[in-house]
Amino acid sequence: AQRVTQPEKLLSVFKGAPVELKCNYSYSGSPELFWYVQYSRQRLQLLLRHISRESIKGFTADLNKGETSFHLKKPFAQEEDSAMYYCALRNSGGYQKVTFGTGTKLQVIP
Amino acid sequence: DAGVTQSPTHLIKTRGQQVTLRCSPKSGHDTVSWYQQALGQGPQFIFQYYEEEERQRGNFPDRFSGHQFPNYSSELNVNALLLGDSALYLCASSWTAGENTEAFFGQGTRLTVV
């Protein structure tokens, strides 16, 4: 069974401080990992995926298969980063079933 | 392109009733997935439709059923509603013929069972 764990419900940081949102997963195959973000009163949207190895809005995430982790990082938090962040895993095989974590609310304090 | 649209946005039903939620996928998408998001939780996968058939299903009872139409739009039906079915129901669409396709989510339908 696939599972995604986000241990922090709420993470508060000051503007300009580094951010790390933790995500651990369990999956027997080769997973595809994603981070989704939901800003206030907006729909859930994809932030980044591990296969792209890209930086979006200053955020990066590295897949660590040894530690089964996919932590989301940003060196300097901005107020507009305040949102709900969900880590998600898609099972291999091409199907689009996605398993989400419970989410972490990031609060950036001005 | 309006993206993924869901209707209605809010709904109140009585325990035991039946409800139908609707989803129109993003233009060009052929796959629709449904999720239930309870308060304070992440979305939970209900099922996925492709070529008008249920392709995958999560751990939800048979009271939850769906349908996909030839134009790729989809419906989620829930029978014999329970108080615990109160949640935000999300629809996501994607294009299946590609490994790196992104799923786009709708705004959701907020269902309240009283």
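Read on for a plain summary of the structure. None of these values were measured; they are calculated from a predicted model.

## Re the overall build of chain B
Alright, step 1. Secondary structure assignment for chain B yields zero helices and eleven strands.
Alright, step 2. Scanning chain B from its N terminus toward the C terminus, one meets helices and strands in the order β-β-β-β-β-β-β-β-β-β-β.
Alright, step 3. Taken over C-alpha atoms, the radius of gyration comes to 13 Å for chain B, in line with the 13 Å a tight globule of 114 residues would show.
Alright, step 4. Considered along the principal axes of its C-alpha atoms, chain B spans approximately 40 × 25 × 25 Å.
Alright, step 5. Burial statistics for chain B: of 114 residues in total, 49% are counted as buried.

## Considerations on the overall build of chain A
Alright, step 1. Secondary structure summary: chain A contains zero helices and eleven strands in total.
Alright, step 2. Listing each helix as α and each strand as β along chain A from the N terminus yields β-β-β-β-β-β-β-β-β-β-β.
Alright, step 3. At 13 Å, chain A has a C-alpha radius of gyration in line with the 13 Å of a compact globule built from 110 residues.
Alright, step 4. Judged by the C-alpha coordinates and their principal axes, chain A covers about 45 × 30 × 25 Å.
Alright, step 5. The buried share of chain A, reckoned over its 110 residues, is 45%.
Alright, step 6. For chain A, contacts bridging at least 24 residues in sequence account for 58% of all contacts bridging at least 6.
Alright, step 7. With the model as given, the accessible surface of chain A reaches about 5500 Å², and the carbon-plus-sulfur share is 50%.
Alright, step 8. Charged side chains of chain A number 15 positive and 9 negative; the gap between the two group centres comes to 7 Å.

## Digging into the pattern of salt bridges
Alright, step 1. Applying the stated criterion across every chain, the model contains eight salt bridges over all chains.
Alright, step 2. Its salt-bridge partner being Arg57 of chain B, residue Glu54 of chain B comes within 3.1 Å of it at the nearest N-O pair.
Alright, step 3. Through salt bridges with shared partners, one network takes in Glu20, Lys22 and Lys73 of chain A.

## Examining the interface of chain B and chain A
Alright, step 1. Residue-level contacts link 22 residues of chain B with 20 residues of chain A.
Alright, step 2. Taken over both partners, the interface formed by chain B and chain A buries close to 1900 Å², and the fraction arising from carbon and sulfur atoms is 44%.
Alright, step 3. On the chain B side of the interface with chain A, the three residues burying the most area are Gln56, Phe105 and Gln107 of chain B, jointly 26% of the side's total.
Alright, step 4. Applying the counting rule to chain B against chain A returns one salt bridge.

## Here's the deal with the sheet that holds strand 3 (residues 19–21) of chain A
Residue and element names in this part refer to chain A.
Alright, step 1. Spatial strand order, 3-8-7: three strands in an open sheet with antiparallel pairing. Edge positions in the sheet fall to strand 3 and strand 7 (60–61), since each has one partner strand and no second.
Alright, step 2. Of the strand pairs in this sheet, strand 3 and strand 8 (residues 72–74) are connected by three bridges, and their pairing is antiparallel. Following the sheet pairing, Val19 is matched in strand 8 by Lys74.

## Quick notes on the sheet that holds strand 7 (residues 64–68) of chain B
Residue and element names in this part refer to chain B.
Alright, step 1. Pairing is antiparallel in the open sheet, where four strands are placed in the order 1-3-8-7. Edge strands, defined here as strands with exactly one partner in the open sheet, are strand 1 (5–7) and strand 7. Between one strand axis and the next, the sheet turns by 20° as a mean value, whatever way the strands run.

## Looking at the nonpolar core
Alright, step 1. Judged by nonpolar contacts, the single largest core of 24 residues is most densely connected at Trp35, Leu47, Leu48, Phe70, Leu72 and Tyr85 of chain A.
Alright, step 2. Listed by contribution, the elements that provide at least two residues to this core are strand 2 (10–14), strand 3, strand 5 (32–38), strand 6 (45–49), strand 9 (83–90) and strand 11 (104–109) of chain A.
Alright, step 3. Per-element accounting of this core gives the leading share, four residues, to strand 9 of chain A.
Alright, step 4. Ignoring anything within four residues of it in the chain, the contact list for Leu47 of chain A reads Trp35, Tyr36, Val37, Ile56, Phe59, Leu72 and Tyr85 of chain A.
Alright, step 5. In this structure, Val4, Trp34, Phe60 and Cys91 of chain B belong to the second largest nonpolar core, which totals 20 residues.

## Concerning the pairing of strand 11 of chain A
Residue and element names in this part refer to chain A.
Alright, step 1. Going residue by residue along strand 11, you find Thr104, Leu106 and Val108 tucked away on one face and Lys105, Gln107 and Ile109 left uncovered on the opposite face.
Alright, step 2. Looking at chain direction, strand 2 and strand 11 are connected through five bridges and run parallel. For Val13, the partnering residue across the bridge sits in strand 11 and is Val108.
Alright, step 3. One ladder, built from three bridges, connects strand 9 with strand 11; its direction is antiparallel. Each residue of the ladder has a partner; that of Met84, found in strand 11, is Lys105.

## Side note on the side chain of Thr31 of chain B
Residues and elements named next belong to chain B.
Alright, step 1. Along the chain, the position of Thr31 falls in strand 4 (residues 31–37).
Alright, step 2. On the basis of relative accessible area, Thr31 is assigned to the buried category, the value being 0%.
Alright, step 3. Engagement of the side chain of Thr31 in a polar contact is seen with the side chain of Asp30, the distance being 3.0 Å.

Calculation notes
- Residues numbered from 1 in each chain as written.
- Chains lettered and ligands numbered in written order.
- Predicted model: local features only at pLDDT ≥ 70, side-chain atom pairs only at ≥ 80, totals over all residues.
- Heavy atoms only, no water.
- Helix = DSSP H or I, 4+ residues; strand = E, 2+ residues; numbered from the N terminus.
- Rg over C-alpha atoms; globule rule 2.2 N^0.38 Å.
- Buried < 20%, exposed > 50% of the residue type's maximum accessible area, 1.4 Å probe, protein only.
- Contact = heavy atoms within 4.5 Å.
- Areas by Shrake-Rupley, 256 points an atom, 1.4 Å probe, with all protein chains shown as cover.
- Lys, Arg positive; Asp, Glu negative; His and termini not counted.
- Charge placed at Lys NZ, Arg CZ, Asp CG, Glu CD.
- Salt bridge = Lys/Arg side-chain N within 4 Å of Asp/Glu carboxyl O.
- Buried area = accessible area lost by both parts, 1.4 Å probe.
- Pairing = 2+ DSSP bridges.
- Axes fitted to C-alpha atoms, helices over the stretch in contact; angles between N-to-C directions.
- Core = buried A, V, L, I, M, F, W, Y, C linked by side-chain atoms within 4.5 Å.
- Polar contact = N/O pair within 3.5 Å; in protein donor to acceptor, adjacent residues only side chain to side chain.

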